[in-house]
Amino acid sequence: MNELTATIFDIERNSYVDGPGIRTTVFFKGCNLRCAWCHNPESQSGAKQMMFYQNKCTGCGTCKRKCPHSLETCELCGTCTLYCPNGAREICGKDYTVEEVLREVVKDQMFYEASGGGVTFSGGECMLQIDFLENILKVCKENGIHTAVDTAGHVPYQSFERILPYTDLFLYDVKCMNSDLHKQYTGVGNTLILSNLARILEAGKRTWIRVPIIVGVNDSEEQMRSFKTFLDAHGAPERVELLPYHAMGEHKYAAIGKDVQKFSVPTADEIKKLQQHVNGGIL
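All values derive from a computational prediction rather than experimental measurement.

Here is what the cut-offs are and how they apply
- Residue positions are counted from 1 within each chain, in the order its sequence is given.
- Totals for whole chains, interfaces and linings use every residue, but because this is a predicted model, local features are given only for residues with pLDDT of at least 70 and side-chain atom pairs only at 80 or more, for both listing and counting.
- To get the side-chain values, take all heavy atoms of the structure and skip hydrogens and water.
- For this document, the term salt bridge refers to a Lys or Arg side-chain nitrogen within 4 Å of an Asp or Glu carboxyl oxygen.
- Runs of H or I in DSSP of at least four residues are treated as helices and runs of E of at least two as strands, each being numbered from the N terminus.
- Exposure categories follow from relative accessible area, calculated using a 1.4 Å probe and restricted to protein chains: below 20% of the type maximum is buried, above 50% is exposed, and the middle band is partly exposed.
- Polar contacts, as counted here, are pairs of nitrogen or oxygen atoms within 3.5 Å of one another; within protein the pair requires one atom able to donate a hydrogen and one able to accept it, and residues that are adjacent in sequence qualify only if both atoms are side-chain atoms.
- Between two residues, a contact is recorded if the distance between any of their heavy atoms is within 4.5 Å.
- Axis geometry follows a simple rule: fit a line to the C-alpha atoms, using only the stretch in contact for helices, then measure angles between N-to-C directions, giving values from 0 to 180 degrees.
- The labels follow the angle: roughly parallel below 35 degrees, roughly antiparallel above 145, roughly perpendicular from 65 to 115, and oblique for the rest.
- Handedness of a helix crossing follows the sense of rotation of the near helix relative to the far helix, less than a right angle counterclockwise being left-handed and clockwise being right-handed.
- Throughout, the ten residues Ala, Val, Leu, Ile, Met, Phe, Trp, Tyr, Cys and Pro are labelled nonpolar, Asp, Glu, Lys and Arg are labelled charged, and all others, Gly among them, are labelled polar.
- The nonpolar core is taken to be a set of buried Ala, Val, Leu, Ile, Met, Phe, Trp, Tyr and Cys residues, with the residues joined through side-chain atoms within 4.5 Å.

Colleague: Would you explain the pattern of salt bridges in this entry?
Modeller: Note that side chains of opposite charge can pair when their charged atoms are close. Under the defined criterion, the tally for this structure stands at 18 salt bridges. For Asp150, the salt bridge goes to Arg210, with nearest N and O atoms at 2.8 Å. Taken together, the residues span a long stretch of sequence, with Asp150 in strand 7 (residues 146-151) and Arg210 in strand 9 (residues 207-213) at a distance of 60 residues. On the basis of relative accessibility, which here comes to 8%, the residue Arg210 falls in the buried class. A salt bridge links Lys273 to Glu221, with the shortest nitrogen-to-oxygen separation between them at 3.4 Å. Within this pair, whereas Lys273 is found in helix 11 (residues 268-275), its partner Glu221 is found in helix 9 (residues 221-234), the two being separated by 52 residues in sequence. On the basis of relative accessible area, Lys273 is assigned to the partly exposed category, the value being 47%. Residue class for Glu221 comes out partly exposed when judged on its relative accessible area of 30%.

Rendered as structure tokens:
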């Protein structure tokens, strides 16, 4: 094993929503999109950061008394997280080696084999740490573990070429078909994202496309028809999932000192209506 490291903010076991079967999902820190509806805002910065949950704090002052530096100029030593009696503070992000991640992943290998599951590398944007991602994918395949990469696709296609041999499934996020709206709500246009997706589909790679449905942004019939036209031109993925916006990550914005932008939650009927415009439907 080499000593490459990646900054990871969570490793979640027993996931049923990040690919087939029972999965372990490894969340990489750092993203080059700034989606207004992001439910993991702590994933956006590639740097480690302190998260402070005001609603858990009782004002006991233990963190200040124990801090060897200053809470106002936090050096992320982690002392306050050890002594806080209510878990109001936590450091988001930890450096892992390839070997350390593999050690976590193989713990549940028997469940992968029984359920058709495996490991999913997500984020943030896991492909921004491409050297590490390529290496961990390779060793997972060498150990007989099914691999999936969850990506928004805003990276050079050369990065995809590096991991194609070791990736069994792509979970590909499509935010918005209108490039101007895409830039308005994510900070970047969608030309590179759609170009990469087209090349993956045309190469016949196993792909699930996931579309977060955001009311007033990408929930128009026009955009769904545009999406269908794109798929007709480049090949149907194995699955298309229309995922309704949810607000479960809103409390995290305050924890990292950011304002949250709120959106409405689409109804089941609205999702069903949009689904009718998507080739192949939703599984």
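Colleague: Honestly, the side chain of Thr167 in this entry has me stumped. Any pointers?
Modeller: Looking at where Thr167 falls in the secondary structure, it is placed in the loop between helix 6 (157-163) and strand 8 (169-173). At a separation of 2.8 Å, a polar atom in the side chain of Thr167 contacts the main-chain carbonyl oxygen of Ile163. Discounting residues that sit within four places of it in the chain, Thr167 has contacts with Leu137, Thr147, Val149 and Lys205.

Colleague: How do you make sense of the packing of helix 8 (residues 191-202) against helix 9 when you look at a structure like this?
Modeller: Packed helix pairs are characterised by how far apart their axes lie and by the angle those axes make with each other. Where helix 8 contacts helix 9, the axes come no closer than 9 Å and their chain directions differ by 40 degrees. Here helix 8 lies oblique to helix 9, going by the angle between them. Residues Leu194, Leu197, Ala198, Leu201 and Glu202 of helix 8 touch helix 9, and the partners they reach there are Phe230, Leu231 and His234.

Colleague: What's the story with the packing of helix 3 (residues 98-105) against helix 5 (residues 130-142) in this structure? I'm lost.
Modeller: Interaxial distance between helix 3 and helix 5 falls to 10 Å at its minimum, and their mutual angle equals 45 degrees. Our classification of the angle between helix 3 and helix 5 gives oblique. Read as a crossing pair, helix 3 and helix 5 show a hand that is right-handed. Contacts from Val98, Val101 and Leu102 in helix 3 reach Phe132, Asn135, Ile136, Val139 and Cys140 in helix 5. Of the residues contributing to the contact of helix 3 with helix 5, the split by class is seven nonpolar, one polar and no charged.

Colleague: Hey, could you run me through the nonpolar core in this one?
Modeller: A general tendency of soluble globular proteins is for nonpolar side chains to be buried together. If you look at the biggest cluster of nonpolar residues, it comprises 51 residues, and the most contacted ones within it are Val26, Phe28, Val101, Phe121, Met127, Leu133 and Ile136. With seven residues, helix 5 is the single largest residue contributor to this core. Excluding residues within four positions of it along the chain, Val101 makes contact with Ile8, Val26, Tyr96, Phe121, Phe132 and Ile136.

Read these as layout, nothing more, since geometry by itself doesn't imply function.
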